[in-house]
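# Working through the structure, step by step
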Amino acid sequence: ITIMFKIRASAAGKIMTNPRNKTELLSETTKTYVYDCLKEEIYGYKKQLSNKYVTKGIELEDEAIDKAIELLDLPFTLKNEQSYENEFFKGTPDLIIKDTVYDIKCSWDEFTFPLFENEIPTKDYYYQLQVYMNLLGLKKAVLVYVLLDSPENLPAWETPKTYSHLDKKYRIKKYDVEYSEDVIADLKQRVTNIREFIKTINYE
């Protein structure tokens, strides 16, 4: 199988993990991610991530996007369904409004919602937005965290929580992200390193 490896925007942070020493081009975390990608390509199945945080994000994705548009007073727009890719990257951003790309995250509860953080708490999301901007040829992006009421089909041991009665300042948090040529150059080099690494893997 010939694989032209392209990094998914949502996983860009995984390949930015630093190797343990200067003789290594790729970290063990990156290698594990590459192995998973190869298996997906070979066997035709996506690796399933299943936990309550991911489940809420998936189930309430559309609601979170609508709520972000409402609370940020953004112009009416529809969720983006188009995927983009180039020689190195691929991804599907949530919203594209004029010259800015938006990515919406649905926090599990008040303790995972970054109410007090002035910097993006999860660096992976920063790299994800860098890739989106590169794919779209844009220079501005916004990462948005939204805190929504618990989904209806919670497991019996989870306590339902509601936040819709709170002021919007306690339910939405946004981070402006500027495009970085240096970050993209680093990501492209790491993709190139991964492609060279794939050539050395023996799975026959």
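Here the structure is shown first, and the text comes after it.
Counting restarts for each chain: residues are numbered from 1 in the order of the written sequence. The predicted nature of this model means local features are confined to residues of pLDDT at least 70 and side-chain atom pairs, given and counted, to a pLDDT of 80 or more, with totals for whole chains, interfaces and linings taken over all residues. Remark: hydrogens and water are excluded; side-chain values derive from all non-hydrogen atoms of the structure.

### Re the overall build of the protein
- Put simply, DSSP H or I for four residues or longer makes a helix, DSSP E for two residues or longer makes a strand, and each gets a number counted from the N terminus. When helices and strands are counted, the protein shows five helices and seven strands.
- Taken over the C-alpha trace, the protein has a radius of gyration of 18 Å; the compact-globule value for 204 residues is 17 Å, and the two agree within 12%.
- Counting only C-alpha atoms, the protein reaches 55 × 40 × 35 Å along its principal axes.
- Only protein chains enter the accessibility calculation, which uses a 1.4 Å probe; a residue whose area is less than 20% of its type maximum is buried, one above 50% is exposed, and one in between is partly exposed. Burial analysis of the protein (204 residues in total) assigns 45% to the buried set.
- Sequence-distant contacts, at least 24 apart, represent 74% of the contacts inside the protein between residues at least 6 apart. Every radius of gyration here is taken over C-alpha atoms, with the globule rule written as 2.2 Å times N^0.38, N being the number of residues. We call two residues in contact whenever any of their non-hydrogen atoms come within 4.5 Å of each other.

### Focus: a nonpolar patch on the surface
- The patches reported here contain residues having more than 30% relative accessible area and no salt bridge. Joining distances are 9 Å for like charges and 5 Å for nonpolar side chains (Val, Leu, Ile, Met, Phe, Trp, Tyr). For accessible areas, the Shrake-Rupley method is used with a probe of radius 1.4 Å. Any residue's cover is judged against the shown protein chains and nothing else. Each salt bridge in this description consists of a side-chain nitrogen of Lys or Arg and a carboxyl oxygen of Asp or Glu lying within 4 Å of one another. A contiguous nonpolar patch, built from Ile42, Tyr43, Tyr45 and Tyr203 and spanning about 500 Å² of accessible area, is present on the exposed surface.
- Examined against the element boundaries, Tyr43 turns out to sit in helix α1 (residues 28-43).

### Things to note about the nonpolar core
- Throughout this description, the term nonpolar core refers to a set of buried Ala, Val, Leu, Ile, Met, Phe, Trp, Tyr and Cys residues connected via side-chain atoms within 4.5 Å. Phe5, Ile7, Phe89 and Leu187 are the most contacted members of the largest nonpolar core, which totals 40 residues.
- Contacts of Ile7, omitting those with residues within four sequence positions, involve Ala12, Ile15, Tyr33, Phe88, Phe89, Lys90 and Val191.

### Points about the packing of α1 against helix α5 (residues 181-199)
- What counts as an axis is a line fitted to C-alpha atoms, over the stretch in contact for a helix, and the angles between N-to-C directions run from 0 to 180 degrees. Direction vectors running N to C along α1 and α5 enclose 65°, while the axes themselves pass 11 Å from each other. Our classification of the angle between α1 and α5 gives roughly perpendicular. Seen along the crossing, α1 lies across α5 with a hand that is right-handed. Across the interface between the two elements, Thr30, Lys31, Val34, Tyr35 and Leu38 of α1 pack against Ile194, Phe197 and Ile198 of α5. Throughout, the term roughly parallel applies to angles under 35 degrees, roughly antiparallel to angles over 145, roughly perpendicular to angles from 65 to 115, and oblique to all others. Should the near helix be turned anticlockwise from the far one by less than a right angle, the crossing is left-handed, and should it be turned clockwise, the crossing is right-handed.

### Quick notes on the packing of helix α4 (residues 123-136) against α5
- The interhelical angle for the contact between α4 and α5, taken along N-to-C directions, is 95°, at an axis separation of 10 Å. When the axes of α4 and α5 are compared, the pair comes out roughly perpendicular. Within the contact between the two elements, α4 uses Tyr126, Tyr127, Gln130, Val131 and Asn134 and α5 uses Val183, Ile184, Leu187 and Lys188.

### Description of α1
- Along its 16 residues, α1 runs 22 Å from first to last C-alpha, staying within 8% of the 22 Å computed at 1.5 Å per residue.
- Regarding α1, the residues found buried are Thr30, Lys31, Tyr33, Val34, Cys37, Leu38 and Glu40.
- Looking at the buried side of α1, the elements it contacts are β1 (7-8) and α5.
- Trailing α1 by a residue or two, Gly44 shows a phi angle of about 80°, which is positive. For a helix, the expected span equals 1.5 Å multiplied by the number of residues minus one.

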